[in-house]
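Observations on the model geometry
In case you want the letters, here they are:
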Amino acid sequence: MFGFRNDDGASMLYRHVAEWARQARARIAAMEAGGWPAGALAEWQERFARLQADAEAMRTAPVALMAEAYAALDGLAQALTAGEPAAVAAGGEPQRLSPVPPGEHRLPPLPYPYDALEPYIDAETMRLHHDRHHRAYVEGLNRAERALAEARASGDFGLVKHWERELAFNGAGHYLHTLFWESMAPAGGGGPDRAVLAQMQQDFGGFDRFREQFSRAAESVEGGGWAIWVWSPRANRTEILTAEKHQNLSQWDVVPLLPLDVWEHAYYLKYRNDRAAYVENWWNVVNWPAVAERLRQASRLRWEPA
């Protein structure tokens, strides 16, 4: 089935993922047979079927495949823990999640070691970027939320303009960075799967044209900011946007799919002022399975065209 030697580490990983997927599918089938509504777990069954097929055919890089396996298993575990069929939503996330209390956001850990993206992004940049810059956004978001909570309690909104600005700036920085880390992976790069390629073909005329526009957009952001591929529920298609200082010059009512941080702190230690080289090398670490999963979930969200 796999075509590897028994002592090949990649062979072992592929076999493990295939077995996990097989067991998950058996568990889902047993739940459906035990009384769960028909179709309530259909998307989970499809997801693990794809995972098993990818493992058996060795279609995905081992590290990316393992990341998808952990994400799928974790999501299924959360759905089952919720305990009710109604709690399982599209993509397997429980619908009733506990909200983050105001001022209690936390810095998420990197999903890989600091040096895992070398030689394209160096360990020192990743350490500073995550531990200092991202942490600063989390702390700033928490300060803003607590200050606004105090203003609501006291009725004193004299500084509401300041704290709303801090809320927008730091909140956008926190959420985009969280997505940014997840959008990269060791042994990433290569190309997207068929579903993502089909979306790019429809919206941009193919992957090469998408990549060219995305790269040029990232290179041309004035000052610090982002290039972001997004899903637009209103247009029922994707678009490439840019943002300055996280929250400026972008659009509302869209779902980010793939962000690229082009603030200088993201690349200056290694690339100095050569942003174009940073952008070009960044494509080698894109986590396409994670992007595909976000597109799969986001594309279910559709509003009346406007």
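Overview of the structure. Note that the coordinates shown come from a computational prediction; the quantities given were computed from them, not determined experimentally.

**Details of the nonpolar core**
Within the largest apolar cluster, 47 residues are counted, with the highest numbers of intra-cluster contacts made by Phe-210, Phe-214, Trp-229, Tyr-278, Trp-282 and Trp-288. Counting only elements with at least two residues in this core, the list comes to helix 5 (160-182), helix 6 (194-204), helix 7 (207-220), strand 1 (225-232), strand 2 (237-244), strand 3 (255-261), helix 9 (275-282) and helix 10 (288-298). In terms of residues, this core owes the most to one element, strand 1, which gives six residues. Discounting chain neighbours no more than four positions away, the residues touching Trp-288 are Gly-189, Gly-190, Gly-191, Pro-192, Val-196, Met-200, Phe-207, Phe-210, Leu-258 and Trp-283. Of all hydrophobic cores here, the second largest spans 18 residues; its members include Leu-13, Ala-24, Leu-65 and Ala-72.

**Here's the deal with the packing of helix 6 against helix 7**
Between helix 6 and helix 7, the least distance of the axes is 8 Å, while the angle of their chain directions is 70°. When the axes of helix 6 and helix 7 are compared, the pair comes out roughly perpendicular. In this structure, helix 6 uses Leu-197, Met-200 and Phe-204 to contact helix 7, whose residues at the interface are Phe-207, Arg-209, Phe-210 and Gln-213. Residue classes in the contact of helix 6 with helix 7 are distributed as five nonpolar, one polar and one charged.

**Remarks on the packing of aromatic side chains**
The geometry of two aromatic rings is summed up by the distance between their centres and the angle between their planes. Going through the model one piece at a time under the given rule, you end up with 18 aromatic pairs. Arranged with centres 6.4 Å apart and planes meeting at 85°, the rings of Phe-207 and Trp-283 form a pair that is edge-to-face. Within this pair, whereas Phe-207 is found in helix 7, its partner Trp-283 is found in the loop between helix 9 and helix 10, the two being separated by 76 residues in sequence. Trp-283 matches Phe-207 in its accessibility class, with the two residues each being buried. Across the ring face of Tyr-114, the terminal group of Arg-127 is positioned such that the distance to the ring centre comes to 4.1 Å. Across from the ring centre of Tyr-271, 5.8 Å away, lies the NZ or CZ of Lys-270, which sits over that ring.

Conventions used here
Residues numbered from 1 in each chain as written. Predicted model: local features only at pLDDT ≥ 70, side-chain atom pairs only at ≥ 80, totals over all residues. Heavy atoms only, no water. Core = buried A, V, L, I, M, F, W, Y, C linked by side-chain atoms within 4.5 Å. Buried < 20%, exposed > 50% of the residue type's maximum accessible area, 1.4 Å probe, protein only. Helix = DSSP H or I, 4+ residues; strand = E, 2+ residues; numbered from the N terminus. Contact = heavy atoms within 4.5 Å. Axes fitted to C-alpha atoms, helices over the stretch in contact; angles between N-to-C directions. Parallel < 35°, antiparallel > 145°, perpendicular 65-115°, else oblique. Nonpolar A, V, L, I, M, F, W, Y, C, P; charged D, E, K, R; others polar. Phe/Tyr/Trp six-rings, centres within 6.5 Å; stacked < 30°, edge-to-face > 60°. Lys NZ or Arg CZ within 6 Å of the ring centre and 35° of its normal.

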